[in-house]
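Breakdown of the fold
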Amino acid sequence: MKKISCGNKEIILGKRTLVMGILNVTPDSFSDGGRYNNLDSAMKQAEKLILDGADIIDVGGESTRPGHTQISSEEEISRVVPIIEKISKNLDTVISIDTYKYDVAEEAIKAGANIINDIWGLQYDKGEMAELVKKSNLPVIVMHNQSNEIYEKDIMLSLREFFEKTYKIVDKYGIDRDKIILDPGLGFGKNIEQNIEVMSRLNELKDMGPILLGASKKRFIGKLLNDLPFDERVEGTVATTVIGIEKGVDIVRVHNVLENKRACLVADGVYRK
């Protein structure tokens, strides 16, 4: 087991699978865009996620789905800071900020965020995010990402090389390696077949660090379910959660917390006995 300090909170990895509940305060996220983009509805959803068993609430203010429109840092801050402040003051939970922009992350931390979730693995800017991680001493989830679906070598080797580059940045800025959590980036720079391959080989990343799995309702699940739409991919997501636990993941990031939490309890009972 590994205890990781998250400012005034902590998470424990290895004892059981942690569930991260997704809270998108955006008008255009692929699954729940527009549902929680006002403060009251977002707060009600945060309360529901915790009641259903979420260990972490992941707040995102910019959709990163394929074809998304990038927004300014100012607009992203205006979306995420009020809800992070309200959750931090009223609910006893760990809060993650889903952003690749250091200035958004900085304001989110001031508002009460405990974890940074960076979809570009500290490689988006020229070190500003890495400096913030060092300064804040908070954990950071580093996701594999690339701008296309072309892999000139084995895909898992490519992921490993990406994370090795991230670890070089981590070492350069004096960040504690124990604060790093790896996300293979399903749905980002990968086609359906590539996502399925990464899913089946998650265990090959386990030696590099703790793993977060973000498969919830992704396109490859829909394809395996004979092209079912987003809202009908809950059971398929549960299947990825169980597969991920068997492969050694530490955290699952999901929209439907209750169903996946129950799956975790069973899978943990089998694989973490």
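Figured I'd write up the structure that's included with this text. These numbers were taken from a predicted model, which means no experiment stands behind them.

So, on to a nonpolar patch on the surface. A surface patch of nonpolar side chains, about 350 Å² in accessible area, is lined by V242, V266, V270 and Y271. Here the element with the most residues in the nonpolar patch is helix α9 (residues 257-271); it accounts for three residues. You can call V242 partly exposed: its relative accessible area is 30%.

Attention now goes to the layout of surface pockets. If you add up the space inside the second largest pocket, you get close to 240 Å³. If you go around the second largest pocket, you meet 13 residues; those closest to its centre are E10, I11, R16, L18 and D55. Residue contributions to the lining of the second largest pocket peak at four residues, all from strand β2 (residues 9-13). Among the residues making up the lining of the second largest pocket, the classes are represented as six nonpolar, one polar and six charged.

To continue, consider the sheet that holds strand β7 (residues 140-143). Pairing between sheet strands relies on hydrogen bonds along the backbone, with the strands arranged either parallel or antiparallel. With parallel pairing, the eight strands of this open sheet are ordered in space as β8-β7-β6-β5-β4-β3-β10-β9. Whereas interior strands pair on both sides, the edge strands pair on one side only; in this sheet they are β8 (180-183) and β9 (212-213). Direction of pairing for strand β3 (residues 18-24) relative to strand β4 (residues 56-60): parallel, over a ladder of five bridges. In the strand pairing of β4, L23 is matched with V59.

Attention shifts here to the pairing of strand β10 (residues 251-254). The alternating pattern of β10 places I251 and R253 and V252 and V254 on opposite faces, both of which are buried. Bridge count between β3 and β10: four bridges; the pairing is parallel. Residue pairing across strands places V19 opposite V252, the latter belonging to β10. Relative to β10, β9 runs parallel, the two being bridged by two bridges. Across the sheet, the residue bridging to L212 is I251, located in β10.

The rules we used
- Residues numbered from 1 in each chain as written.
- Predicted model: local features only at pLDDT ≥ 70, side-chain atom pairs only at ≥ 80, totals over all residues.
- Heavy atoms only, no water.
- Patch = residues over 30% accessible without salt bridge, like charges linked within 9 Å, V, L, I, M, F, W, Y side chains within 5 Å.
- Areas by Shrake-Rupley, 256 points an atom, 1.4 Å probe, with all protein chains shown as cover.
- Salt bridge = Lys/Arg side-chain N within 4 Å of Asp/Glu carboxyl O.
- Helix = DSSP H or I, 4+ residues; strand = E, 2+ residues; numbered from the N terminus.
- Buried < 20%, exposed > 50% of the residue type's maximum accessible area, 1.4 Å probe, protein only.
- 1 Å grid on protein atoms, 1.4 Å probe; cavity = no way out; pocket = protein on both sides within 12 Å on 5 of 7 lines; lining within 4 Å.
- Points joined across faces, edges and corners; volume = space filled by probe spheres on them.
- Nonpolar A, V, L, I, M, F, W, Y, C, P; charged D, E, K, R; others polar.
- Pairing = 2+ DSSP bridges.

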